[in-house]
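Analysis of the macromolecular model
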Amino acid sequence: MIGTIARKEIASNLLSYKFLVVLLLMVLLVATSLFVMHRDFAERMADYQVIRPKPGAPIAVVPPNPLSIFAKGLENAMTRSFEVEVIGVTVRAGQSSGNIVYSFFPAPDFLYVVRVVLSLVALLFGFDQVSREREQGTLKLVLGNSVSRAGVLAGKWLGNFLSLAAPFLLVTVLGTAMLLLDPNVRFSAGQLGRLGLILALSLLYLAFFLSLGMLVSAMTRRAATSIIVLLFAWALLVFVLPNLGTLAARQFVRVPSVQALSEKREQTWTREILLGISGKADIGEHWRTIGRENDRMEEDYRRRFERLVRLSRNINRLSPAASLLDAATGIAGTGIDEEIRLKTEVVRYKNSIIDPVIDDMLAGRRDGLYPAFAYRPRAVGEVFAAGAWFDAAWLAVFNILAYALAFVAFVRYDVR
């Protein structure tokens with residue numbers, strides 16, 4: 001019986017204008033996102049070819065991650081060029097600025113399309129599943145047969161989920177295949193596996209919003225009321241809660257601004273250089289002092305920032321959109337944890353070569369050769385152990401809770 005109802009829902013969706021509009025919307029959004037982000041990736045790859053260090057240069061750079069086409073995250077911060085100098089690690093000038101047009105029209109990655117737009121589409125599939133049929137009188141006819149309410153709800157959920165998931169996966173797979181035509185975009189087998197995990201999480205996320213739509217539909221008597229309530233819930237879960245959570249976390253954990261950090265570095269630099277000019281110690285020792293104090297400031301900043309990230313993440317998990325963002329960017333290798341780990345590795349690299357760099361500078365040598373920086377992104381197992389499992393399980397809990405409440409509301413629903 002569940003299969004019969006599911007097939008009826010699929011057939012009804014295929015013949016509706018709603019499905020046609022949704023299909024066109026998916027094609028347009030996913031294709032536009034992949035096209036724009038592919039161009040962005042190509043520009044970053046061209047930049048990487050320019051800034052990649054020569055053999056022996058004390059520079060740490062990692063190549064652009066092709067999975068950033070789907071989940072960009074902090075990719076721009078991670079692909080900068082970190083240069084080891086006598087005073088520590090500096091980012092090459094000019095790398096913090098990009099195309100200013102993106103400041104007005106930020107490039108929407110695939111993950112943004114799923115979190116914001118397709119979640120709304122999932123609500124459109126579920127908002128009238130109960131209330132509309134009650135208004136049309138068909139719900140009373142269906143329940144008048146020997147079919148349980150649980151079977152009706154499960155059939156409706158399954159039919160609508162398949163109507164949503166099938167075109168979503170088809171469009172995404174075709175878009176990915178088009179990306180592979182570019183010889184500069186190369187996905188390893190592991191990266192394709194990570195992309196599959198991101199798609200699975202995306203389906204879990206969309207399933208939650210479908211269940212939420214059916215829940216509200218089973219709690220209201222009119223479809224118009226249902227869509228208004230759902231629009232409010234969607235705005236709350238996707239936009240309001242994640243932003244309020246971050247603001248609330250900043251009230252408890254104070255992190256100095258980048259400008260304040262930069263000002264302290266300037267003060268340290270000026271003080272040590274003046275002491276060096278006065279001749280109270282050799283200039284190499286002053287450089288080492290600047291490096292040590294910069295390291296202490298960076299360490300203090302990093303500890304505070306990590307506390308802020310943990311607290312913000314825990315508060316934001318009230319929203320499934322935040323859980324999807326954290327888990328997907330972590331799996332793609334463009335998340336906050338990956339960026340923190342990369343900076344830690346850069347500092348470790350700096351500490352391993354800083355003494356030869358200072359000695360060469362004091363000796364006036366410009367052709368010193370240093371070990372190359374090597375960085376290996378976290379394995380999928382590490383990503384899941386660091387929190388992605390929790391986020392995935394949390395999305396599953398959201399789904400189970402929404403569907404269970406929808407079942408209870410539907411069982412108690414008055415079809416008259």
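So, here's what we can say about the structure. A quick note: this is a predicted structure, and the numbers were derived from the prediction, not measured.

1. What about the overall build of the chain?
Across its full length, the chain holds 15 helices and 3 strands. Expressed along its principal axes, the backbone C-alpha trace of the chain runs to roughly 95 × 50 × 35 Å. Taken across its 416 residues, the chain has 45% of its residues classed as buried. Residue pairs at least 24 apart in sequence account for 84% of intrachain contacts in the chain once pairs closer than 6 positions are excluded. Accessible surface computed for the chain: about 21,200 Å², of which carbon and sulfur atoms make up 65%. Across the chain, the 46 positively charged side chains and the 35 negatively charged ones have centroids separated by 9 Å.

2. Re the layout of surface pockets
Size it by volume and the second largest pocket reaches roughly 570 Å³. Looking at the second largest pocket, it is lined by 30 residues, and the ones nearest its centre are Val62, Pro63, Pro64, Tyr375 and Pro377. The set of elements that each furnish at least two residues to the lining of the second largest pocket consists of α3 (75-78) and α9 (189-217). Counted by class, the lining of the second largest pocket contains 18 nonpolar, 4 polar and 8 charged residues.

3. Examining the nonpolar core
The nonpolar side chains of soluble globular proteins are, as a tendency, buried together. Within the largest apolar cluster, 83 residues are counted, with the highest numbers of intra-cluster contacts made by Phe168, Tyr205, Phe209, Leu212 and Phe410. Mapped by element, the contributors of at least two residues to this core are α2 (17-51), α5 (110-126), α7 (138-143), α8 (149-179), α9, α10 (223-252), α13 (320-332) and α15 (380-411). In terms of residue count, the dominant contributor to this core is α9 (15 residues). Beyond its immediate chain neighbours, meaning those up to four positions away, Leu212 contacts Leu123, Leu230, Ala233, Leu237 and Ala402.

4. Some points on the side chain of Thr334
Structurally, Thr334 can be placed in the loop between α13 and α14 (336-362). Setting aside residues up to four positions removed in sequence, Thr334 forms contacts with Asn65, Ser68, Ala71, Lys72, Gly73, Leu74, Glu75, Met78 and Thr329.

5. A closer look at the packing of α13 against α15
Close contact between α13 and α15 brings their axes to 9 Å; oriented N to C, the two are set at 145 degrees. Here α13 runs over α15; the crossing is left-handed. Contacts between α13 and α15 involve Pro320, Ser323, Leu324, Asp326, Ala327, Gly330 and Ile331 from the former and Val383, Phe384, Ala388, Asp391, Trp394, Leu395 and Phe398 from the latter. Here the contact of α13 with α15 is built from residues that sort into 10 nonpolar, 2 polar and 2 charged.

About the criteria used
- Residues numbered from 1 in each chain as written.
- Predicted model: local features only at pLDDT ≥ 70, side-chain atom pairs only at ≥ 80, totals over all residues.
- Heavy atoms only, no water.
- Helix = DSSP H or I, 4+ residues; strand = E, 2+ residues; numbered from the N terminus.
- Buried < 20%, exposed > 50% of the residue type's maximum accessible area, 1.4 Å probe, protein only.
- Contact = heavy atoms within 4.5 Å.
- Areas by Shrake-Rupley, 256 points an atom, 1.4 Å probe, with all protein chains shown as cover.
- Lys, Arg positive; Asp, Glu negative; His and termini not counted.
- Charge placed at Lys NZ, Arg CZ, Asp CG, Glu CD.
- 1 Å grid on protein atoms, 1.4 Å probe; cavity = no way out; pocket = protein on both sides within 12 Å on 5 of 7 lines; lining within 4 Å.
- Points joined across faces, edges and corners; volume = space filled by probe spheres on them.
- Nonpolar A, V, L, I, M, F, W, Y, C, P; charged D, E, K, R; others polar.
- Core = buried A, V, L, I, M, F, W, Y, C linked by side-chain atoms within 4.5 Å.
- Axes fitted to C-alpha atoms, helices over the stretch in contact; angles between N-to-C directions.
- Left-handed = near helix turned anticlockwise from the far one by under 90°.

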